[in-house]
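# An overview of the molecular structure
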Amino acid sequence: MIKSNNIVGEVNKKDPDGLKTNGQPYRVLVVDDSGVMRKIITQVLKSESYDVCGQAADGEEAVARFKELKPDVVTMDINMPKLGGVEALEKILALDSSAKVVMLTSEGQKETVLDAVSKGAKNYIVKPPQRNKVLEKVKDVVNG
Amino acid sequence: MDEKFINAVKRGVDDTFSQMLGWSVQNVAGKKISLDQAIQEEYCVVIGFAGNMQGLITLKCSKKVAVQAASGMLGTEISPDDVADAIGEILNMITGAIKSHLAVIDDPFKVAPPTIVSGKDYKVFVKSKIDGDITLFKFEAEKIGSFYIEVYVTQNEDK
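Residues numbered from 1 in each chain as written. Chains lettered and ligands numbered in written order. Predicted model: local features only at pLDDT ≥ 70, side-chain atom pairs only at ≥ 80, totals over all residues. Heavy atoms only, no water.

### Some remarks on the overall build of chain A
What counts, and what does not: By the criteria applied, helices consist of DSSP H or I runs no shorter than four residues and strands consist of E runs no shorter than two, each listed in order from the N terminus. Between the two quantities, the radius of gyration covers C-alpha atoms and the globule rule is 2.2 Å times the number of residues to the power 0.38. Relative accessibility under 20% of the residue-type maximum defines a buried residue, over 50% an exposed one, and the middle range a partly exposed one, all with a 1.4 Å probe and only protein chains included. It only takes one pair of heavy atoms within 4.5 Å for two residues to be counted as in contact. Values of accessible area rely on a 1.4 Å probe in the Shrake-Rupley scheme; residue burial ignores everything except the protein chains shown. Charged residues are defined narrowly, with Lys and Arg counted positive, Asp and Glu counted negative, and His plus the chain ends left uncounted. Charge coordinates come from a single atom per side chain, which is NZ of Lys, CZ of Arg, CG of Asp or CD of Glu.
Counting its regular elements, chain A contains five helices and five strands. Helices and strands appear in chain A in the N-to-C order β-α-β-α-β-α-β-α-β-α. Over its C-alpha atoms chain A spans a radius of gyration of 14 Å, differing by no more than 12% from the 15 Å that the globule rule assigns to 144 residues. Once the C-alpha set of chain A is aligned to its principal axes, its extents read approximately 35 × 35 × 25 Å. Within chain A, buried positions represent 51% of all 144 residues. Residue pairs at least 24 apart in sequence account for 65% of intrachain contacts in chain A once pairs closer than 6 positions are excluded. For chain A, the accessible surface area stands at approximately 6,700 Å², while carbon and sulfur atoms represent 46% of it. Distance between charge centroids for chain A: 4 Å, based on 22 positive and 21 negative side chains.

Here it is as structure tokens:
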């Protein structure tokens, strides 16, 4: 088995980003139709002590899981079956206008990303996801 | 296929493998082939695209390369579903990177989700206006093995 140091990296046990000042972890809902991508994002976030409280594989499931879990932040893929990421973002913001959603997108989707940001996404991550970028953007959003 | 598209493919593959897996890949060949000469490998990912340009792109590789890629992405125990999912996601990112490198062309195409085939006896049939020529790129990942990108592309005359 090959260990990936490229994306997931080491676990940070010293002052991790994923903890609030009261010591409780920020709760994150990870949404992507790729199971591998969900695992990667989950591993990266867990390495900084974020609590990945749920996952969803399409936009409809994302909206349902958001209602149920009320996470602090959502990472949302854009291209998904049933309901796309931008449409799911709009439904989530209709439920909770203060929801914090970070879009996850492949390169070459500039217009779609700008559309998502104009509709209320707080930030975006470009795939392939790099550990430091994922953590930096999620940290900015939870602290923003 | 014009030089700009060829360079976009090479850069897209290189960017994706280096950023996602830390692999250095060398493009060892790029040539025109006919549909009958298409490569057959145990894993085949197909992504269609349409817009100002239309066609499809495939990633073909051995099971060994596919497993190494999935392991490299996850760094944990992997299932056969993870392997298929991982290589589908890799081609998805390559296609996005190619589109990004072609950004000077106004919105070159929209991308469909990947389809992954695994097995040893299959053939990809292309029913479109594409004239039958495919550009085949062979890449070599050091100590891992070869994989192939095939691109079928045409300008959409309706646009």
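Here the narrative resumes, following the displayed structure.
### Looking at the interface of chain A and chain B
Short version of the rule: Here the quantity called buried area is the total loss of accessible area, with a 1.4 Å probe, experienced by two parts when brought into contact, counted for both. Throughout this description, the term salt bridge denotes a Lys or Arg side-chain nitrogen within 4 Å of a carboxyl oxygen of Asp or Glu. Polar contact is defined as a pair of N or O atoms within 3.5 Å, subject to the rule that within protein one atom must be able to donate a hydrogen and the other to accept it, and that residues adjacent in sequence are counted only when both atoms are side-chain atoms. The nonpolar class holds Ala, Val, Leu, Ile, Met, Phe, Trp, Tyr, Cys and Pro. Asp, Glu, Lys and Arg form the charged class, and all remaining residues, Gly among them, are polar.
Counting from both sides, the interface comprises 21 residues of chain A and, opposite them, 24 residues of chain B. Buried area between chain A and chain B, both sides added, is near 2,000 Å², and the carbon and sulfur share of it is 53%. Here chain A and chain B share two salt bridges between them. In this structure, Lys127(A) engages Glu89(B) in a salt bridge whose closest nitrogen and oxygen atoms are separated by 2.9 Å. One can count six residue pairs in polar contact (both at pLDDT 80 or more) joining chain A with chain B. By residue number, the principal contributor to the side of chain A that touches chain B is helix α1 (residues 35-46) of chain A, which donates six residues. Counted by class, the side of chain A that touches chain B contains nine nonpolar, eight polar and four charged residues.

### Observations concerning a nonpolar patch on the surface
Worth spelling out the cut-off: For patches, a residue must show more than 30% relative accessible area and have no salt bridge; joins then use 9 Å for like charges and 5 Å for nonpolar side chains, namely Val, Leu, Ile, Met, Phe, Trp and Tyr.
A cluster of nonpolar side chains, namely Val117(A), Tyr124(A) and Val126(A), defines an oily patch on the protein surface of about 200 Å² accessible area. A relative accessible area of 31% places Tyr124(A) in the partly exposed class.

### Quick look at the nonpolar core
To be explicit about the condition: Nonpolar core, defined: a set of buried Ala, Val, Leu, Ile, Met, Phe, Trp, Tyr and Cys residues in which side-chain atoms within 4.5 Å join the residues together.
By size, the foremost hydrophobic cluster in this structure holds 61 residues, and its most contacted members are Leu45(A) and Ile149(B). If near-sequence neighbours (up to four positions away) are discounted, Leu45(A) is found in contact with Val28(A), Val30(A), Tyr50(A), Val52(A), Val134(A), Leu135(A) and Val138(A). The next biggest cluster of nonpolar side chains, apart from the first, holds 24 residues, and it includes Leu29(A), Val63(A), Ala88(A) and Val113(A).

### So, the packing of aromatic side chains
For any pair of aromatic rings, the description rests on two quantities: the centre-to-centre distance and the angle between the ring planes. Filter applied, for reference: Aromatic rings from Phe, Tyr and Trp, with only the six-membered ring used for Trp, were paired whenever their centres fell within 6.5 Å, and each pair was classed as stacked if the ring planes differed by under 30 degrees, edge-to-face if by over 60, and tilted otherwise. Look at NZ for Lys and CZ for Arg. If either is within 6 Å of the ring centre and within 35 degrees of the ring normal, a charge sits over the ring.
One pass over the structure, following the stated rule, counts six aromatic pairs over all chains. Each ring, one from Tyr26(A) and one from Tyr50(A), has its centre 6.3 Å from the other, and the planes form 35°; the classification is tilted. You can see Tyr26(A) sitting in the segment before β1 (27-31) and its partner Tyr50(A) sitting in the loop between α1 and β2 (51-56), a full 24 residues away along the chain. The pair Tyr26(A) / Tyr50(A) is uniform in exposure class, with both members buried. Relative to Phe147(B), the ring of Phe139(B) lies with its centre 5.4 Å away and its plane at 10°, an arrangement referred to as stacked. Aromatic rings pair up to connect Phe17(B), Trp23(B), Phe137(B), Phe139(B) and Phe147(B) into one cluster. Over the ring of Tyr124(A) we find Lys137(A), and its NZ or CZ is 5.0 Å from the ring centre.

### Examining the packing of helix α2 (residues 63-74) of chain B against helix α3 (residues 80-101) of chain B
All names here are of chain B. Rules: For every element, the axis is a line fit to its C-alpha atoms; helices are fit only across the contacting stretch, and the angle between N-to-C directions ranges from 0 to 180 degrees. Should an angle fall under 35 degrees it is called roughly parallel, over 145 degrees roughly antiparallel, and 65 to 115 degrees roughly perpendicular, with every other angle called oblique.
Here α2 crosses α3 at 80°, and the two axes come no closer than 8 Å. Taken together, the axes of α2 and α3 lie roughly perpendicular to each other. Where α2 approaches α3, its residues Ala66, Val67, Ala69, Ala70, Met73 and Leu74 are matched on the opposing element by Asp82, Val83, Ala86, Ile87, Glu89, Ile90 and Met93. Considered class by class, the residues forming the contact of α2 with α3 number 11 nonpolar, no polar and two charged.

### Brief notes about the environment of Met73(B)
All names here are of chain B. With respect to the element layout, Met73 can be found in helix α2. Judged by relative accessible area, Met73 falls into the buried class, the value being 0%. The sequence separation of Met73 and Ile87 amounts to 14 residues, and the corresponding C-alpha distance is 9.8 Å.

### Remarks on the side chain of Ser106(A)
Within the secondary structure, Ser106(A) sits in strand β4 (residues 101-106). For Ser106(A), a relative accessible area of 10% puts it in the buried group. Not counting residues within four places of it along the chain, the set of residues in contact with Ser106(A) comprises Val126(A), Lys127(A), Asn92(B), Met93(B) and Gly96(B).

### Points about helix α5 (residues 131-143) of chain A
Residues and elements named next belong to chain A. Quick reminder of the rule: How far a helix is expected to stretch is found by multiplying one less than its residue total by 1.5 Å.
The first and last C-alpha atoms of α5 sit 18 Å apart over 13 residues, in line with the 18 Å expected at 1.5 Å per residue. Those residues of α5 not exposed but buried are Arg131, Val134, Leu135, Lys137, Val138, Val141 and Val142. On its buried face, α5 is in contact with α1, β3 (73-77), β4 and β5 (123-127).

### Examining the environment of Phe109(B)
Summarising the element assignment, Phe109(B) is placed in the loop between α3 and β4 (110-111). Sequence-wise, Phe109(B) and Asn92(B) are 17 residues apart; in three dimensions their C-alpha atoms are separated by 13 Å.

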